[in-house]
Amino acid sequence: MELNLPFLWRTFFLALQGIPVALEITILALVFSVVPAFFMALVRIYRVRILTPMVKIYVSFIRGTPIVVQILIIYSLLPSLINWFVLKTGSTYDIFSIDPVIYALVVFTIHTAAGFSELIRSAILTVDGGQMDAAAALGMKKLQAFHLVIIPQAAVSAIPNLCNLTINLFKETSLVFLMTVKDITAIAKIEASYGYNYIEAYLDIFIIYLLVCSAIQAVFYAMEKFFRKVQRKTR
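So, here's what we can say about the structure. Everything numeric here is computed off the predicted structure, so don't read it as measured data.

Reading the values: rules and limits
Along each chain, residues carry numbers from 1 onward, in the same order as the chain's sequence is written. Since the coordinates come from a predicted model, pLDDT governs what is reported: local features require at least 70, and pairs of side-chain atoms require 80 or more to be given and counted, while whole-chain, interface and lining totals use all residues. Only heavy atoms go into the side-chain values, all of them from the structure, while hydrogens and water stay out. Under the scheme used here, helices are H or I runs from DSSP no shorter than 4 residues and strands are E runs no shorter than 2 residues, and both carry numbers assigned from the N terminus. Categorising residues by exposure relies on relative accessible area from a 1.4 Å probe, with only protein chains included: less than 20% of the type maximum marks a residue as buried, more than 50% marks it as exposed, and the intermediate range marks it as partly exposed. Only heavy atoms enter the contact rule, under which two residues are in contact if any of them lie within 4.5 Å. Cysteine sulfur atoms that pair up within 2.5 Å are treated as a disulfide. In this description, a nonpolar core means a group of buried Ala, Val, Leu, Ile, Met, Phe, Trp, Tyr and Cys residues linked to one another through side-chain atoms lying within 4.5 Å. Distance thresholds for patches are 9 Å for like charges and 5 Å for nonpolar side chains (Val, Leu, Ile, Met, Phe, Trp, Tyr), applied to residues having over 30% relative accessible area and no salt bridge. A 1.4 Å probe and the Shrake-Rupley method give the accessible areas. Residues count as covered only by the protein chains that appear here. Here, a salt bridge means any side-chain nitrogen of Lys or Arg that lies within 4 Å of a carboxyl oxygen of Asp or Glu. Put simply, the grid is 1 Å and covers the protein atoms alone, a cavity is a trapped set of points that fit a 1.4 Å probe, a pocket is an open set with protein on both sides within 12 Å along at least five of seven lines, and lining residues have an atom within 4 Å of a point. Grid points are joined across faces, edges and corners, and a volume is the space filled by probe spheres set on the points. Here the nonpolar group is Ala, Val, Leu, Ile, Met, Phe, Trp, Tyr, Cys and Pro; Asp, Glu, Lys and Arg are the charged ones; every other residue, Gly included, is treated as polar. Pairs were defined over the aromatic rings of Phe, Tyr and Trp, the Trp ring being its six-membered one, requiring ring centres within 6.5 Å. Orientation was assigned from the angle between planes: stacked under 30 degrees, edge-to-face over 60, tilted for the rest.

With that settled, consider the environment of L42. Note that L42 resides in helix α2 (residues 19-45). A sequence separation of 40 residues divides L42 from E2, and the C-alpha atoms of the two residues are 56 Å apart.

This is how it looks when you write it as C-alpha cells:
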C-alpha cells in the first residue's frame, strides 16, 4: 500500500486550521471550570454537610463515564430541552441554530470541573498543615493565610497534574466532530471522505496532536521551572 503523499501534505495544512478551535475549547473549558472546581474541592476538604455527598456523586459520575457518552447525551438532550422551554415561553428563537462550539464548551466544562476539583483538592492537601498555624502565629486571618500561603504552595505542586489535565483535555477535543464542530479531526476526516484516504488523514491527525501536546508540555515545564525558582528565592 502506497501513501498518497500530496494528499497527506495538503490535508496536514488544512487540518492545522482546526487547532484554534481545539485550543479555544480547551482553554475556555479550563477557565470556566476553575470556580466550580475550586468550590467542590473546598467542599470535600472541609466536609460540608449535604454538599459533600453531592460533589462525590458528581465527580464519580463524570469520571466514571466515557466523555463520548457525555457528549452524545448532552448534545442530543440539551438542545431539545432548551427548545421545549423556549416554545413554552412563546418565543420563536431557533435553538438549533446555536453554534455547536457552545455545546462543546458546556460538555467539556462539566467534564473538566470534576477532574480539576480533584486536582485542586490533592494539591491543597499536599501543603503541610503546619503552614496554616505558622500563618496564624504571624497574625494572618484564616482566609488571608489560605490566599497568601496555602494557594501559592499548592499551585506549584499542581502544575504537573494541571499539565496532564490540559493535554488530556486537548486530546479529548478530537471528539467534538461528533457535534459537527470543525476541529482538527473533523477537517481531516471530511477531506479523507472524498477519496477514502483515511490512513493519510489519521496520520495527519496523529502528527498534529503530537506536536501540539509536546508544545503544551514544554510550556508547563517552563512554568514549573520558573515557579520553583521563585519559590526557592522567597524561602
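There's plenty left to go through after this.
Counting through the fold element by element, T11 comes out in helix α1 (residues 5-15). What makes T11 buried here is its relative accessible area of 0%. Setting aside residues up to four positions removed in sequence, T11 forms contacts with A188, E191 and D204.

Moving on: the state of the cysteines. Within the structure shown, the criterion is met by zero disulfides. In this structure C163 is a free cysteine whose sulfur lies 9.2 Å from that of C213, the closest cysteine sulfur available. Taking the relative accessible area as the measure of exposure, C163 reaches 7% and is therefore buried.

Further remarks concern the nonpolar core. Core analysis: the largest hydrophobic core is formed by 36 residues, its most contacted members being I25, F108, F116, I150, V176, M179 and V181. Those elements that place two or more of their residues in this core are α2, α4 (67-88), α5 (100-125), α6 (130-137) and α7 (142-172). The element best represented in this core is α5, accounting for eleven residues. When residues no more than four places from it in sequence are discounted, the contact partners of F116 are L30, S33, V34, A37, L162 and L165. In terms of nonpolar packing, the next biggest core, distinct from the first, is built from 20 residues, C163, F170, I184 and I216 among them.

A cluster of nonpolar residues, L3, L5, I199, L203, F206, I207, L210 and L211, forms a patch on the protein surface that exposes about 720 Å² of accessible area. In terms of residue count, the dominant contributor to the nonpolar patch is helix α9 (residues 198-234) (six residues). Residue L211 is classed as exposed on the basis of its relative accessible area, which comes to 52%.

Empty space within the second largest pocket amounts to approximately 290 Å³. Lining the second largest pocket are 14 residues, with R63, H111, G115, L165 and N168 sitting closest to its centre. Listed by contribution, the elements that provide at least two residues to the lining of the second largest pocket are α3 (51-63), α5 and α7. Of all the elements, α7 adds the most residues to the lining of the second largest pocket, at six residues. Split into classes, the residues belonging to the lining of the second largest pocket amount to five nonpolar, seven polar and two charged.

In this structure the tally under the stated criterion is four salt bridges. Measuring nitrogen to oxygen at the nearest pair gives 3.2 Å for the salt bridge that ties R10 to E191. With R10 in helix α1 and E191 in helix α8 (residues 184-195), this pair connects stretches of sequence that are 181 residues apart. A relative accessible area of 44% means that R10 is categorised as partly exposed. The exposure class assigned to E191 is buried, which follows from its relative accessible area of 17%. Between R44 and E118 there is a salt bridge, with the nearest N and O atoms lying 2.9 Å from each other. Of the two residues, R44 sits in helix α2 while E118 sits in helix α5, which places them 74 residues apart along the sequence.

Taken as a whole and judged by the stated rule, the model has six aromatic pairs. A ring pair is formed by W9 and F13, whose centres lie 4.9 Å apart and whose planes are at 75°; its orientation type is edge-to-face. Of the two residues, W9 and F13 are both situated in helix α1; the distance of four residues between them amounts to about one turn of the helix. The exposed category is assigned to W9, whose relative accessible area is 58%. Overall, the relative accessible area of 41% leaves F13 in the partly exposed class. When the ring of Y75 is compared with that of Y103, the centres are 5.8 Å apart and the planes differ by 75°; the resulting orientation is edge-to-face. Taken together, the residues span a long stretch of sequence, with Y75 in helix α4 and Y103 in helix α5 at a distance of 28 residues.

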